[in-house]
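Survey of secondary and tertiary structure
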Amino acid sequence: MLRRDNGILPAELHDIVIQHIEHGRDMLLAYAAVCRSWENGVWPYRKRLFRRVSLTRHNINPFLALLRMSPRVIPCIQALSINCPTESSGLGSADSLAFGFLDSLPNVVELRLEALLVTPTFTSSISGLAARVRELEVAALCAEDPLHFVRLVGSFTSLKKLCIKDRPELAPRADGSDASTHDQSHGMFRILWRPCTLCY
């Protein structure tokens, strides 16, 4: 008679199941979600599970909780995508999200930033990570000042590949400064920044 004992199965059965699902990331995640003992059976495959991480406004808090509960995930992350638009403006301000944890990800070498409002605060919050990133892709970014983009890209000192998917946009200035100056800098900015991929 099969005995139910909190999801504990003989190691041989775990090995048989894992052999059939080890190449499917979603299957491994579902397997790990059954119970804690099954989660432990997946840990040898954690590098595959957490190599690429995509963060959105909806999953960033659960992800931070995961990092606190399972710090052994941290060294597995090599590629990170951040896409955090807000409902009102369509852009996620780095000032409204806590990106300080990015410095604690030592092995991230690929980074994608999408639909973010670039501010000096955001650029300084990713400075530790920026020094390690080799490949950067940016898409649908926005800032009040073109210099914010220049400083952001300039903070990535070890880049081997830079991909600009579309032209960054200039947001209306919050300080209410002269609109004509903003329009002139916006026109010049759109001429200078074009979608491209640069390899060094």
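What you see is a predicted model; the values in this text were computed from it and never measured.

The helix and strand tally for the protein chain stands at nine helices and 10 strands. Expressed as a percentage of the 200 residues in the protein chain, the buried residues total 39%. Taking the intrachain contacts of the protein chain between residues at least 6 apart in sequence as the baseline, contacts between residues at least 24 apart amount to 75%. Here the protein chain displays about 11500 Å² of accessible surface, and carbon together with sulfur accounts for 57% of that area.

Turning next to the pattern of salt bridges. Considering all chains together, one arrives at four salt bridges under this definition. A salt bridge links Glu110 to Arg52; the shortest N-O distance between them is 3.1 Å. With Glu110 in strand β4 (residues 110–114) and Arg52 in strand β1 (residues 52–56), the pair connects residues that are 58 residues apart, well separated along the chain. Where Arg112 meets Glu114, a salt bridge forms, and the shortest distance between an N and an O atom there is 2.6 Å. Here Arg112 falls in the partly exposed class, since its relative accessible area comes to 22%. In this structure Glu114 comes out as partly exposed when scored by relative accessible area, which is 21%.

Further remarks concern the side chain of Ser155. Mapped onto the elements of the fold, Ser155 is located in the loop between α8 (146–154) and β8 (161–164). Look at Ser155 and you get buried, because its relative accessible area is 18%. Polar side-chain contacts of Ser155 include one of 2.6 Å to the backbone oxygen of Leu152.

A few words on the confidence of the model for the protein chain. Predicted coordinates in regions of low pLDDT should not be interpreted in detail. Averaged over the protein chain, the pLDDT score is 75; the fraction of residues at 70 or greater is 67%. No element of the protein chain has a lower mean pLDDT than strand β3 (residues 92–93), which averages 48, and none a higher one than β4, which averages 95. Low confidence marks residues 1–5, where pLDDT is under 50. Its contacts with residues over four positions away, or in another chain, come to zero contacts. This stretch, residues 86–92, has a pLDDT under 50; its non-local contacts, to residues over four places away or in other chains, come to 19 contacts.

A positive phi is found at Ala115, a non-glycine position, where the angle reads about 55°. Secondary-structure assignment places Ala115 in the loop between β4 and β5 (116–117). A positive phi angle is found at Ala140, which is not glycine, with a value near 55°. Relative to the elements of secondary structure, Ala140 occurs in the loop between β6 (135–139) and β7 (142–143). By relative accessible area, which is 30% here, Ala140 ends up partly exposed.

Core analysis: the biggest nonpolar cluster contains 45 residues, and Phe101 and Leu113 have the highest contact counts within it. Ranked by residue count, the leading element in this core is helix α5 (residues 60–69), at four residues. Not counting residues up to four positions away in its chain, the partners in contact with Leu113 are Ile82, Phe122, Leu136, Glu137, Val138, Ala139, Leu141 and Leu152.

Reading guide: rules and limits
Residues numbered from 1 in each chain as written. Predicted model: local features only at pLDDT ≥ 70, side-chain atom pairs only at ≥ 80, totals over all residues. Heavy atoms only, no water. Helix = DSSP H or I, 4+ residues; strand = E, 2+ residues; numbered from the N terminus. Buried < 20%, exposed > 50% of the residue type's maximum accessible area, 1.4 Å probe, protein only. Contact = heavy atoms within 4.5 Å. Areas by Shrake-Rupley, 256 points an atom, 1.4 Å probe, with all protein chains shown as cover. Salt bridge = Lys/Arg side-chain N within 4 Å of Asp/Glu carboxyl O. Polar contact = N/O pair within 3.5 Å; in protein donor to acceptor, adjacent residues only side chain to side chain. pLDDT = per-residue confidence, 0-100. Core = buried A, V, L, I, M, F, W, Y, C linked by side-chain atoms within 4.5 Å.

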